[in-house]
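For reference, the chains in residue letters:
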Amino acid sequence: MNTKRLLAVARRIESLERQLINLKGEAQKLVGGSAGSAGFKTKTMSPAARKKIAEAMRRRWAAVKRG
């Protein structure tokens, strides 16, 4: 094989290796469940925080219903 052919093959191998790295990263995102959220993870609220918010919403709706 001549030198030009070897360089072309080496460049192709590098390109394929980069594609593999990118695909591996995407696969990890899919397995991790963060693919749909563009990398942002949602924070789960504590039960106490949910209860506090629910009570505040009930008070707001009660005020709306009263007039």
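Residues numbered from 1 in each chain as written. Predicted model: local features only at pLDDT ≥ 70, side-chain atom pairs only at ≥ 80, totals over all residues. Heavy atoms only, no water.

**A closer look at the overall build of the protein**
Step number 1: A count of helices and strands for the protein gives two helices and zero strands.
Step number 2: The buried share among the 67 residues of the protein stands at 3%. (Helix = DSSP H or I, 4+ residues; strand = E, 2+ residues; numbered from the N terminus. Buried < 20%, exposed > 50% of the residue type's maximum accessible area, 1.4 Å probe, protein only.)

**Brief notes about a nonpolar patch on the surface**
Step number 1: A cluster of nonpolar side chains, contributed by Met45, Ile53, Met57, Trp61 and Val64, occupies part of the molecular surface with about 520 Å² of accessible area.
Step number 2: Assignment of secondary structure puts Ile53 in helix 2 (residues 47-66). (Patch = residues over 30% accessible without salt bridge, like charges linked within 9 Å, V, L, I, M, F, W, Y side chains within 5 Å. Areas by Shrake-Rupley, 256 points an atom, 1.4 Å probe, with all protein chains shown as cover. Salt bridge = Lys/Arg side-chain N within 4 Å of Asp/Glu carboxyl O.)

**Quick notes on helix 2**
Step number 1: In this model, helix 2 (20 residues) spans 29 Å end to end at C-alpha, consistent with the 28 Å of a helix rising 1.5 Å per residue.
Step number 2: The buried count for helix 2 comes to one of 20 residues, which makes it a mostly uncovered element.
Step number 3: Directly beyond the C-terminal end of helix 2, a positive phi value near 130° is found at Gly67. (Expected span 1.5 Å × (residues − 1).)

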